[in-house]
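So you can see what is in the structure, the chains are spelled out below.
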Amino acid sequence: MGEPGPAPAAPWLYPPWIREHGDALFAMLAAAPGAPRLAPVRLYPEAEPHLRLAVSLMARREPARFRRAMRARLAAAMAREGAASGLLVSFDWSPVMRMLVAEARALGLPTAMLLHEGVFFDEALYYGGAGVAPVADRALVWGGLHRDLFAARGFPADRIAVVGSAKLSAAAAARPSLDAREWRARLDLDADRPVALFALQPLDNVADPETARATQRRAVADAARATAGRASLVLRPPPADLPGLLPDGARAGALGPHVRVVAPGPEPERAPGESVAQCALALSMGSTMLIEAAAMGRAALVVAYDARANGVFDALDLPRARDGAELARWIERLVAGAATGPSQATHARLIERFGQSDDPAAPLAAIVAELARLARPTPAPARVPRFDPLAWHLAVERRGLPKKLAKLLQRPEAFFRDARRPPRP
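Keep in mind that this is a model prediction, so the values were computed, not measured.

**Q** Any chance you could explain helix α10 (residues 288-295) here in plain terms?
**A** Every α-helical turn comprises 3.6 residues, leaving residues that sit three or four positions apart pointing alike. Of all eight residues that make up α10, eight are buried, and the element is covered over most of its length. Within the sequence span of α10, burial applies to T288, M289, L290, I291, E292, A293, A294 and A295. The opening residue of α10 is S287, an N-cap whose side-chain oxygen sits 3.0 Å from the backbone nitrogen of M289. Backbone geometry just downstream of α10 places G297 in the positive-phi region, at approximately 90 degrees.

Spelled out as structure tokens, the structure:
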């Protein structure tokens, strides 16, 4: 018998959260040459993503119990794997992730934040709000824009690594996986007309979300009118879809037979990269897909109605439509085949400020190298907590009990405190 091979390296733990966002980035990393093994620390059942909200609410309402739950989940994952090299998150501005990072550090694990989202409307509102910086040991960021922003907020510059944007670099190298006619046929679009893609945003990261959503609905209606009879319009809701993002009746065809709402899904024609690759013009108020379109060489138009600021899109100096008339003129250019891609100056900004690389493997290789430097295998704790407060919280949530009964079971201290309060006059 031959000598036994070397023991497999301890994995990096990571918390699955939103499949199309950070989870997609972790999947890209896991498939990269030389990448460390990634092992999940699940905060909600994979088949029940709607429970993500309950996890977030518990973190805000019961931070002490939630931290105990994070300690229990990390300890269980480390026991399952035998050891761990560290904890990797794709953001750490929310209470959920900040407490998870804190408990990982208490267990002796190195922590790293691998930035998955580098787009913002207002710099002051980016990454959870004014002054918010990462709390992980190391921040792996896209480019100079994010390095400078976090450093200005007090995060130590020597703990920031500019690794490039795996998302933008992959987009720049992407090519359609489907023939143009087949893609259009699958979405029931006209086979010969050009396609405009409107990437919708939840707009929950602006000062006045309701006003911003009303502006977005107005722009969608303008785009539908401008493309009628001459081009196809694909409306793509974000993964975290919300009511009020689309004009009334849009999903039922009220905007016209040339308009399709194409929600994210597992089918190849619904993949975000495929939508960008197949369109001739992308427009949005603030979706990352607009930057991906620019990286791919597609015409990219910022919807900037009402003189609305668009943060990083202003920094890229992309063309913008300030009202319906300017949007219509861009549709005219689309129909005429004159909608052109980004300028050389914009391309240079994508490389320096946003970490786009002509080699899609380069950012992933940089991430792998940074994680190798940071890794410090930590054995599993001698004792794994038996009680996980989050498991109890989600078990109650899953049953759909009346609110007061659920509060009694989940937050008895708050229930009895409220019961002792005198009734309002």
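Read on for the rest.
**Q** Explain the pairing of strand β6 (residues 138-141) here, please?
**A** As a general feature of sheets, a regular strand has side chains that alternate between the two faces. Side-chain alternation along β6 places R138 and L140 on one buried face and A139 and V141 on a second face that is also buried. Pairing of strand β5 (residues 111-114) with β6, which is carried by three bridges, proceeds in the parallel orientation. Across the sheet, residue L114 finds its bridge partner in β6, namely L140. Note: β6 against strand β7 (residues 160-162), three bridges, orientation parallel. Of the residues in β7, the one forming a bridge with A139 is I160. With respect to chirality, the unit in which β6 leads through helix α5 (residues 144-152) into the neighbouring parallel β7 is right-handed.

**Q** Quick question: what am I supposed to make of the side chain of H258 here?
**A** Structurally, H258 can be placed in the loop between β9 (232-236) and β10 (259-261). In this structure the side chain of H258 is engaged in a polar contact, spanning 3.4 Å, whose partner is the backbone nitrogen of A228.

**Q** I would appreciate a short explanation of a nonpolar patch on the surface in the present structure.
**A** A contiguous nonpolar surface patch, about 380 Å² in accessible area, is contributed by F387, W392, L405 and L409. Relative to the helices and strands, L409 resides in helix α16 (residues 403-410).

**Q** What is the right way to read the sheet that holds β9 from this model?
**A** Strand pairing in a sheet relies on backbone hydrogen bonds, with the paired strands running either antiparallel or parallel. The parallel open sheet is built from six strands, whose spatial order is β10-β9-β8-β11-β12-β13. Of all strands in the sheet, those bounded by a partner on one side alone are β10 and β13 (320-321). Both strand β12 (residues 299-303) and β13 contribute to a ladder of two bridges, which runs parallel. Residue pairing in the sheet places V303 in a bridge with A321 of β13. Contacts from helix α8 (residues 209-227) reach β8 (195-199), β9, β10, β11 (281-284) and β12, with the element oriented near 160 degrees to β9. Strands β8, β11, β12 and β13 of the sheet are contacted by helix α12 (residues 324-335), whose axis makes an angle of about 165 degrees with β11.

**Q** Would you mind showing me how to read the environment of L197 here?
**A** Turning to its location among the elements, L197 is positioned in strand β8. Each C-alpha atom, one on L197 and one on L283, is 6.2 Å from the other, the two residues being 86 residues apart in sequence.

Definitions and limits used
Residues numbered from 1 in each chain as written. Predicted model: local features only at pLDDT ≥ 70, side-chain atom pairs only at ≥ 80, totals over all residues. Heavy atoms only, no water. Buried < 20%, exposed > 50% of the residue type's maximum accessible area, 1.4 Å probe, protein only. Helix = DSSP H or I, 4+ residues; strand = E, 2+ residues; numbered from the N terminus. Polar contact = N/O pair within 3.5 Å; in protein donor to acceptor, adjacent residues only side chain to side chain. Pairing = 2+ DSSP bridges. Right-handed = clockwise from strand over helix to strand, strands pointing away. Patch = residues over 30% accessible without salt bridge, like charges linked within 9 Å, V, L, I, M, F, W, Y side chains within 5 Å. Areas by Shrake-Rupley, 256 points an atom, 1.4 Å probe, with all protein chains shown as cover. Salt bridge = Lys/Arg side-chain N within 4 Å of Asp/Glu carboxyl O. Contact = heavy atoms within 4.5 Å. Axes fitted to C-alpha atoms, helices over the stretch in contact; angles between N-to-C directions.

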